[in-house]
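# Residue-level structural notes
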Amino acid sequence: MGFKCGIVGLPNVGKSTLFNALTQTAAAEAANYPFCTIEPNVGEVGVPDERLDKLAAVAGSGQIIPTRLTFVDIAGLVRGASKGEGLGNQFLGHIREVDAVAYVLRCFEDDDVTHVENRIDPLADAEVVETELMLADLDSLEKRRTNVEKKAKAGADKEAKAQLVVMDKALALLREGKPARLADIAPEERPVFDALQLLTAKPVLYVCNVDEASAATGNKYSAAVEKRAAQEGAGCVVISAKIESEFAGLAADERAEFLKDLGLDEPGLSRLIRAGYKLLDLVTYFTVGPKEARAWTITRGTKAPQAAGVIHTDFEKGFIRAETIAYDDYVGLGGEVGAKDAGKMRLEGKEYVVKDGDVMHFRFAN
């Protein structure tokens, strides 16, 4: 499944430049004026995973297919977006379709790049973006609540009663100026909460766009954002969009030296993906054979039949068992045959919870 990440922020924070660099495309026009992104741009990248390359080498796989990460570049928000200012609500709707929201925050000083509010304050920028999303959620819930309350008071609609409880939990927070993701939602209420499709219910990843000199260490602006992220339990990544843009244009054999000169071990894309996986609690399993070695992304805690369903719904419906080998055993014992001979291939049933790095072959009935 991979995951889908919406990139939001105020105009001129480097959002589209970052999108272009991460997807290595020129799909989003990056320019020094607001609203240069007229439609949400969508880009996909393969998720780097050294384990996949090693598995393919062991199995002699003809093809390597990584799992995918989708970025959606959403036009810059401004104050009043929830009321139609700037490009308005049409862009708020695009956020409902993503798994997580990356707030790109300007953490650099540059007199040549204007700021829509004439200041450099990433925390204030984050507040503007979040406030617009909260206002949109508040408006949406208050409009829907009246009908749900009528159904709940009628007495027979249990679903409406359950929905009303959850809606009121979210509304209480939003009216206090707090995002819906902070609501105390019980496990049994989670499906109802998710169905509300609230913008501020999405997990948040703060992306600090810093100057080149601060790419390895961060700066005072990014430090303030990291502190806020830690308090909220949100993700946080320090990236220089300018560096990522330069990196994307380099030949493969020049990239390692380029990063080394800047004091970086890996590109920002790798850090962003890792932060996103941690935020959404995602893990990867593999299918490996002579034709292809392939990575698949699932949520931690997913059982074998549902993991099989990520490949094809028929695999889940007709699931019989999963032949499973841990990654270390597969590589260390020279592949499937070696692992099987050493007794390291396990036959797992419907209750098996798939682990990160599992190499799996599903048996199913047609």
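This text gives an overview of the structure that appears in the document. Remember, predicted model here, so these are calculated numbers, not experimental data.

Membership of the largest hydrophobic core comes to 51 residues, with the highest contact counts inside it found for Leu-69, Phe-71, Ile-95, Tyr-103, Tyr-206, Val-207 and Leu-272. Per-element tally for this core: the top contributor is strand 5 (residues 100-107), with 7 residues. For Phe-71, the contacting residues outside a window of four places in its chain are Cys-5, Ile-7, Phe-19, Leu-22, Thr-23, Asn-41, Val-42, Gly-43, Val-45, Leu-269 and Leu-272. If you look at the next biggest cluster of nonpolar residues, it comprises 19 residues, including Leu-138, Ala-160, Leu-174 and Ala-180.

Of note, Gln-197 is a non-glycine position whose phi angle comes to about 55 degrees, a positive value. Relative to the helices and strands, Gln-197 is located in the loop between helix 6 (190-195) and strand 6 (204-210). Among the residues examined, Gln-197 registers a relative accessible area of 45% and is labelled partly exposed. Here Asp-281, not a glycine, exhibits a phi torsion of approximately 55 degrees, which is positive. Among the secondary structure elements, Asp-281 is positioned in the loop between helix 10 (268-280) and strand 8 (282-288).

Each aromatic ring pair is described using two quantities: the centre-to-centre distance and the angle formed by the ring planes. Going through the model one piece at a time under the given rule, you end up with 6 aromatic pairs. Seen from their ring centres, Phe-3 and Tyr-277 are 5.5 Å apart, and the 70 degrees between their planes marks the pair as edge-to-face. Of this pair, Phe-3 sits in strand 1 (residues 3-8) while Tyr-277 sits in helix 10, and the two are 274 residues apart along the sequence. Across the pair, exposure class does not vary: Phe-3 and Tyr-277 are buried alike. Here Tyr-285 and Phe-362 contribute two aromatic rings whose centre-to-centre distance is 5.9 Å and whose plane-to-plane angle is 85 degrees, an arrangement assigned as edge-to-face. Within this pair, whereas Tyr-285 is found in strand 8, its partner Phe-362 is found in strand 12 (residues 359-364), the two being separated by 77 residues in sequence. For the pair Tyr-285 and Phe-362, a shared accessibility class is recorded, and that class is buried.

Going through the model one piece at a time under the given rule, you end up with 0 disulfides. We note that Cys-236 lacks a disulfide partner, and the nearest cysteine sulfur, in Cys-208, lies 3.9 Å from it.

Every buried residue of helix 2 (residues 50-59) is listed here: Leu-52, Leu-55 and Ala-56. For helix 2, the angular spread of buried residues about the axis comes to 100 degrees, placing them on one side. Turned more than 90 degrees off the buried face of helix 2, the exposed positions are Glu-50 and Ala-57. Elements in contact with the buried residues of helix 2: strand 3 (63-65), strand 8, strand 9 (292-299), helix 13 (327-332) and strand 12.

A few words on the environment of Asp-49. Inspection of the secondary structure assignment puts Asp-49 in the loop between strand 2 (41-46) and helix 2. Distance from Asp-49 to Thr-284, taken between C-alpha atoms, is 9.5 Å for residues 235 residues apart in sequence. For Asp-49, the residues in contact, after removing those within four places along its chain, are Thr-284 and Phe-286. A distance of 3.0 Å separates the side chain of Asp-49 from the side chain of Arg-51, its partner in a polar contact.

In this structure the tally under the stated criterion is 24 salt bridges. For Glu-142, the salt bridge identified is with Arg-175, shortest N-O distance 3.4 Å. Taken together, the residues Glu-142 in helix 4 (residues 122-153) and Arg-175 in helix 5 (residues 158-175) connect sequence positions 33 residues apart. You can call Glu-142 partly exposed: its relative accessible area is 37%. Relative accessible area serves as the criterion here: at 53%, Arg-175 is assigned to the exposed category. The partner of Lys-178 in a salt bridge is Glu-176, and the shortest N-O contact between them spans 3.5 Å.

Now for helix 11 (residues 304-311). For an α-helix, the turn length of 3.6 residues means that residues three or four places apart are oriented alike. Among the residues of helix 11, Ala-304, Pro-305, Ala-307, Ala-308 and Gly-309 are the ones counted as buried. For helix 11, the elements touching its buried residues are strand 8, strand 9, helix 12 (313-317), strand 10 (319-325) and strand 12.

This part covers the sheet that holds strand 4 (residues 68-73). Within a sheet, each strand pairs with its neighbour through backbone hydrogen bonds, oriented either parallel or antiparallel. The strand order across the open sheet built from 6 strands is 2-4-1-5-6-7, with neighbouring strands paired in mixed fashion. What marks the edges here is a single partner per strand, and that holds for strand 2 and strand 7 (235-239). Averaged over all pairs of adjacent strands, the angle between strand axes in this sheet comes to 25 degrees, irrespective of strand direction. The strands touched by helix 1 (residues 15-23) within the sheet are strand 1, strand 2, strand 4, strand 5, strand 6 and strand 7, with strand 2 carrying the most contacts at an inclination of about 40 degrees. Along the sheet face, helix 10 touches strand 1, strand 2, strand 4, strand 5, strand 6 and strand 7 and points at about 175 degrees away from the line of strand 7.

Reading guide: rules and limits
- Residues numbered from 1 in each chain as written.
- Predicted model: local features only at pLDDT ≥ 70, side-chain atom pairs only at ≥ 80, totals over all residues.
- Heavy atoms only, no water.
- Core = buried A, V, L, I, M, F, W, Y, C linked by side-chain atoms within 4.5 Å.
- Buried < 20%, exposed > 50% of the residue type's maximum accessible area, 1.4 Å probe, protein only.
- Helix = DSSP H or I, 4+ residues; strand = E, 2+ residues; numbered from the N terminus.
- Contact = heavy atoms within 4.5 Å.
- Phe/Tyr/Trp six-rings, centres within 6.5 Å; stacked < 30°, edge-to-face > 60°.
- Disulfide = S-S within 2.5 Å.
- Arc of directions from axis to C-beta.
- Polar contact = N/O pair within 3.5 Å; in protein donor to acceptor, adjacent residues only side chain to side chain.
- Salt bridge = Lys/Arg side-chain N within 4 Å of Asp/Glu carboxyl O.
- Pairing = 2+ DSSP bridges.
- Axes fitted to C-alpha atoms, helices over the stretch in contact; angles between N-to-C directions.

Function-wise, these values are silent; they only describe arrangement.
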